[in-house]
Amino acid sequence: MKKVAVVMGSDSDYPIVSEAVKTLRSFDVECETRVLSAHRSPSAVAQFASGAADRGFGVIIAAAGKAAHLAGVIASQTQLPVIGIPIKSSAFEGLDALLSTVQMPAGVPVACVAVDGAKNAALLAVRILALQEPQLLQRLTDYRDSMTADIAAKDAAIQAKCATEGC
Ligand code: RP5
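Residues numbered from 1 in each chain as written. Predicted model: local features only at pLDDT ≥ 70, side-chain atom pairs only at ≥ 80, totals over all residues. Heavy atoms only, no water.

This brings us to the overall build of the chain. Counting its regular elements, the chain contains six helices and five strands. In sequence order, the secondary structure elements of the chain are arranged as β-α-β-α-β-α-β-α-β-α-α. Evaluated residue by residue, the chain yields a buried proportion of 40% over its 167 residues. Contacts in the chain between residues at least 24 apart in sequence constitute 67% of all its contacts with a sequence separation of at least 6. When the accessible surface of the chain is split by element, carbon and sulfur atoms take 55% of a total near 9100 Å². Distance from the positive charge centre (15 side chains) to the negative charge centre (16 side chains) of the chain: 3 Å. (Helix = DSSP H or I, 4+ residues; strand = E, 2+ residues; numbered from the N terminus. Buried < 20%, exposed > 50% of the residue type's maximum accessible area, 1.4 Å probe, protein only. Contact = heavy atoms within 4.5 Å. Areas by Shrake-Rupley, 256 points an atom, 1.4 Å probe, with all protein chains shown as cover. Lys, Arg positive; Asp, Glu negative; His and termini not counted. Charge placed at Lys NZ, Arg CZ, Asp CG, Glu CD.)

In C-alpha cells form, the structure reads like this:
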C-alpha cells in the first residue's frame, strides 16, 4: 500500500497535526511525518515533494499556519494529490492560512480541509488510497457505520432524557 506524507511548516503545528497521524495509524496506513517550511527551508521542500512519488507515497498532507504556502508549493513539485490543513496559529485565527491554502491558481490543485481539520485530512487521504485498496474501503465503511451507530445511541439517550426531565 502507498504511504502518506504528513508535512508541517513548524513543530508548533504538531499538536494539531498529530490527530492526522493518529487517524492514519488507526487505519494501519504507513506515514512519514516531517517539518519542512516553504519559507524557511524551500530547497528541502522541493527535494521532498519532487521525490515523494518515487519513495512510495500516494498522498501528501501539508499543514501550515499564517502565510501558509506549504501545500501549494508542494503541489507545484509533484503530481501526487496534496491535502492542505490551514493551521490556526496567528492573530487572524487561521483565516490567513485558510485563504493562503485554498486560493490556488488554476493548474496547481490543493484539496483544502477546514482550519485545524487534521482528522478529515487523514480521512480524505485514506479515501484516496482506498481507490486502490479494497480492504481500506471496507474499513472506511466500518468507520462510517460506527459513527452512525454512535449518533443513534446519542439520539436515543437525548430522547430518554427529555422523556423523563422534559426538554
Ligand atoms: C508557519 O508559521 C508554521 O506552519 C506555523 O503554523 C507558523 C508559526 O511557526 P513557528 O514560528 O512556531 O515556527 O510557517
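Moving on, we come to the state of the cysteines. Here a disulfide denotes a covalent bond joining the sulfur atom of one cysteine to the sulfur atom of another. Inspection of every chain in the model, using the stated rule, returns one disulfide. Disulfide pairing is shown between Cys162 and Cys167; the S-S distance is 1.8 Å. Taking the torsion about the sulfur-sulfur bond, which here is approximately -90 degrees, the covalent link between Cys162 and Cys167 counts as left-handed. (Disulfide = S-S within 2.5 Å.)

Time to look at the pairing of strand E2 (residues 31-35). Sheet topology note: the strand E1 (residues 3-8)/E2 ladder contains five bridges and is parallel. Counterpart to Ala5 in the pairing with E2 is Glu32. (Pairing = 2+ DSSP bridges.)

One way to put it is that helix H1 (residues 14-26) packs onto helix H5 (residues 118-130) with a least axis distance of 7 Å and a crossing angle of 35 degrees. Handedness of the H1/H5 crossing: right-handed. Facing H1, whose interface residues are Ile16, Val17, Glu19, Ala20, Thr23 and Leu24, H5 presents Ala118, Lys119, Ala122, Leu123, Ala125 and Val126. Residue composition of the contact of H1 with H5, by class: nine nonpolar, one polar and two charged. (Axes fitted to C-alpha atoms, helices over the stretch in contact; angles between N-to-C directions. Left-handed = near helix turned anticlockwise from the far one by under 90°. Nonpolar A, V, L, I, M, F, W, Y, C, P; charged D, E, K, R; others polar.)

The subject of this paragraph is the sheet that holds strand E4 (residues 82-87). Sheet architecture is open: five strands sit in the order E2-E1-E3-E4-E5, paired in parallel fashion. Across the chains shown, the open sheet's two edge strands, defined by having one partner strand only, are E2 and strand E5 (111-112). Set on the sheet, helix H4 (residues 95-102) makes contact with strand E3 (57-65), E4 and E5; between it and E4 the angle comes to about 160 degrees.

Assignment of secondary structure puts Val113 in the loop between E5 and H5. Sequence-wise, Val113 and Pro86 are 27 residues apart; in three dimensions their C-alpha atoms are separated by 7.4 Å. Apart from the residues within four sequence positions on either side, Val113 is in contact with Ile83, Gly84, Ile85, Pro86, Leu98, Asn120 and Ala121.

A volume near 290 Å³ is recorded for the largest pocket. What lines the largest pocket is a set of 17 residues, among which Gly9, Ser10, Arg40, Gly65 and Lys66 lie closest to the centre. Counted by class, the lining of the largest pocket contains six nonpolar, eight polar and three charged residues. Size it by volume and the second largest pocket reaches roughly 250 Å³. Forming the walls of the second largest pocket are Val113, Asn120, Leu123, Leu124, Arg127, Ala130, Leu137, Leu140, Thr141, Tyr143, Arg144 and Met147. Breaking the lining of the second largest pocket down by element, the ones donating at least two residues are H5 and helix H6 (134-165). Broken down by element, the residue count for the lining of the second largest pocket peaks at six residues, all from H6. Among the residues forming the lining of the second largest pocket, the class breakdown is eight nonpolar, two polar and two charged. (1 Å grid on protein atoms, 1.4 Å probe; cavity = no way out; pocket = protein on both sides within 12 Å on 5 of 7 lines; lining within 4 Å. Points joined across faces, edges and corners; volume = space filled by probe spheres on them.)

What follows concerns a nonpolar patch on the surface. A cluster of nonpolar side chains, contributed by Phe92, Leu95, Leu99 and Val102, occupies part of the molecular surface with about 390 Å² of accessible area. Relative to the helices and strands, Val102 resides in helix H4. (Patch = residues over 30% accessible without salt bridge, like charges linked within 9 Å, V, L, I, M, F, W, Y side chains within 5 Å. Salt bridge = Lys/Arg side-chain N within 4 Å of Asp/Glu carboxyl O.)

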